[in-house]
Each structure stands twice: as structure tokens, then as C-alpha cells.
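# Observations on the model geometry
Below are the chains, spelled out letter by letter.
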Amino acid sequence: MSEKFLFLLSGGIDSSISALKIISEKRLDKRDYSFIFFDRRSKISGIKTQAAFKKEKKSAMSIANLFDKELTILKLPMDWYAEAKKRNSNAFPHGRNTLFLAASSSYAAINFPKSKCNIVVGFVEDEGEDATDEVVKKFNILIRFAFPLHNGGNDQFIKIIAPFSKKNKHDILKYAYKKGKIGQQIIKKSWSCYADGSEFDGKHCGSCVGCLKRKTGFRMMNIERDIEIMDPTHYFSCH
Ligand SMILES: [Zn+2]
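Below or above, wherever it landed, is the structure these notes cover. Keep in mind that this is a model prediction, so the values were computed, not measured. (Residues numbered from 1 in each chain as written. Predicted model: local features only at pLDDT ≥ 70, side-chain atom pairs only at ≥ 80, totals over all residues.)

### Focus on the overall build of the protein chain
Short version of the rule: Secondary structure elements follow DSSP: runs of H or I of four or more residues count as helices, runs of E of two or more count as strands, with numbering from the N terminus. Note that the radius of gyration is over C-alpha atoms, with the globule rule given as 2.2 Å times the number of residues to the power 0.38. To assign burial, the other C-beta atoms lying within 10 Å of each residue's own C-beta are counted, with C-beta atoms placed from the backbone; 20 or more indicates buried, 12 or fewer indicates exposed, and intermediate counts indicate partly exposed. Each residue gets a C-beta atom placed from its backbone, and two residues are in contact if those atoms lie within 7 Å.
Within the protein chain, the secondary structure is distributed over eight helices and five strands. In sequence order, the secondary structure elements of the protein chain are arranged as β-α-β-α-β-α-α-β-α-β-α-α-α. Taken over C-alpha atoms, the radius of gyration comes to 18 Å for the protein chain, in line with the 18 Å a tight globule of 239 residues would show. The C-alpha extent of the protein chain, read off along each of the three principal axes, is 55 × 45 × 30 Å. Looking at the protein chain as a whole, 34% of its 239 residues are labelled buried. Sequence-distant contacts, at least 24 apart, represent 75% of the contacts inside the protein chain between residues at least 6 apart.

### Quick notes on unusual backbone geometry
We note that arginine 27 has phi near 50°; this positive angle belongs to a residue other than glycine. Assignment of secondary structure puts arginine 27 in the loop between helix H1 (13–25) and strand S2 (33–39). Unlike most non-glycine residues, aspartate 201 shows phi in positive territory, near 55°.

### Focus: the environment of lysine 169
On the secondary structure map, lysine 169 appears in helix H6 (residues 169–178). As for lysine 169 and glutamate 127, which are separated by 42 residues in sequence, their C-alpha atoms are 9.2 Å apart. Lysine 169 has contacts with Ile13, Asp14, Val124, Asp126, Lys213 and Gly217, leaving out every residue within four places of it along the chain.

### Let's talk about the sheet that holds strand S4 (residues 115–120)
This is how it is decided: Should DSSP find at least two bridges between two strands, the strands are regarded as paired. Here, axes are lines fitted to C-alpha atoms. For helices the fit covers the stretch in contact, and angles between N-to-C directions go from 0 to 180 degrees.
Reading across from one edge, S3-S2-S1-S4-S5 is the order of the five strands in this open sheet, with parallel pairing throughout. Every interior strand has two partners, whereas the edge strands, strand S3 (71–75) and strand S5 (158–161), have only one. Recorded for the sheet is a direction-independent mean angle of 30° between the axes of neighbouring strands.

### Regarding the environment of lysine 21
Along the chain, the position of lysine 21 falls in helix H1. Classification of lysine 21 as buried rests on a count of 20 C-beta atoms within 10 Å. Along the sequence, lysine 21 and arginine 214 sit 193 residues apart, while their C-alpha atoms lie 19 Å from each other. Apart from the residues lying within four places of it in its own chain, the contact partners of lysine 21 are Pro163 and Tyr175.

### So, the pairing of S2
In terms of burial, S2 is largely enclosed, as five of its seven residues are buried. Of the strand pairs in this sheet, strand S1 (residues 2–8) and S2 are connected by four bridges, and their pairing is parallel. Its bridge partner being in S2, leucine 6 is matched across the sheet by serine 34. In terms of strand pairing, S2 meets S3 through five bridges, oriented parallel.

### Some thoughts on the nonpolar core
We count it as follows: When buried Ala, Val, Leu, Ile, Met, Phe, Trp, Tyr and Cys residues are joined through C-beta atoms within 7 Å, the set is termed a nonpolar core.
The biggest cluster of nonpolar side chains holds 42 residues, and the ones touching the most others in it are Leu6, Phe7, Leu8, Leu9, Ile119 and Val120. Examining the composition of this core, we find that five residues originate from one element, S2, more than from any other. When sequence neighbours within four positions are dropped, the list of residues in contact with phenylalanine 7 reads Ala19, Tyr33, Phe35, Ile36 and Val120.

That is the geometry; function is a separate question.
Right under this line is the structure:
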């Protein structure tokens, strides 16, 4: 049975370096993998988050292009989240990752019915909520009940893989830099900011949660003396 890998990209560091890890460790051929992005833009207007989604999509596209691949865009407009965001700008997208796991499993089952499909996600330990190793384990059990199985039920047809689910962002950054040029190119093209940069000279704002996590990741890398890396990100504010 052929084996496929679907890499879910968010435009950020974690998902793209997770893809890099699997592609390089398994020495995957370009024909055996694809990059997927969930476009969460809703038709509901007047929400700043929507612009950031567009920016994330652009970053995911350029990261896929580094591997000489196109980005498959799947629309998943979370209208209820957009509505909540309009009422309260701090509304959190609960269950977002669970939706991505379910939607990508459905996509895999429909598009690759004769292949074993590995869906690779960029969950990291400090993300919490539904981006955890426990969710991955339980979801892989759920898949056995919810999706078809091959070989009389002995082969799992779809499997979720989260190579950094027990690691932190700084571990991912260290891994990226150990991979050399490709790791650094990915980091430069990734986008972590919750804004789209239009109000910040095209730069990361430097103060939202996404930017703060990114900065902390780089700062924690420097604790180890053998890796002295400067954060290549352009931040609008350095606080
Ligand atoms: Zn930001």
C-alpha cells in the first residue's frame, strides 16, 4: 500500500518545522507528500483576525514553495468564531485543532482511499488546550472507529503524527537551526503575529501573544552556549 504524508501548515514555525523533520528524517520523495492550509476566513466583515489569516496563508504558501510544492487550501470558515471575535476581540478559538484533525482526516479518506495517510501537525507541549500529545493519541483511537480500515481492520488507514508534541518551541527552533539553510529559510518566511503587519510597517507587531511566544522561543535557545542564534524576525516593537 502506498503511503502519503499530509502536512498541515499554519504559516508559523511549529507546523513547518514539524514538516521539515518528517520530510528529512524519512527522506520523503516530493510525490509522497502535500501541504495543506485551512483557510478560516469567514464572510463576516470587520474583524482584524481575518487579515492575519490571509497573511498566514501567504507564509504557508512560500514555505510550501521552499519544498517546490503547491499549497492545498481547504476552506474552513469558522463563522461562529468570527461572530464571537466581533463581540469580543479576545475570543479564543476553542476546538480549532480538533476541527483541523477531523477535517484533514476526512480529506485524506476521500482523496487517498488506497493509501496509508499520515497527517502531520505542529503541536507543541506549551500550546495546551487541544494541541496536546493526549489529544493526538485519543484522536488516533477515534479514527479507528470513524474512518475505514484496511486489511480486515488490522491496518490503520489514517494516522495523526505530531513530532514535537512533547517538546517546546525552543526545541523546535534548535532543530530548525541544526538543519541549516532550509531551517533558517523557513523561519524567515514564517509568520507568528496575530496582526497582518499592515499597521506595523509589514513587520511582526512584537507584542501580541504569538509574537511573545516567538521571542521567548528564541530567547530560550540562547541559554545553551553552543547555539548563539539571533532572532531574524523584524518586530515593530521590541518590548
Ligand atoms: Zn504580533
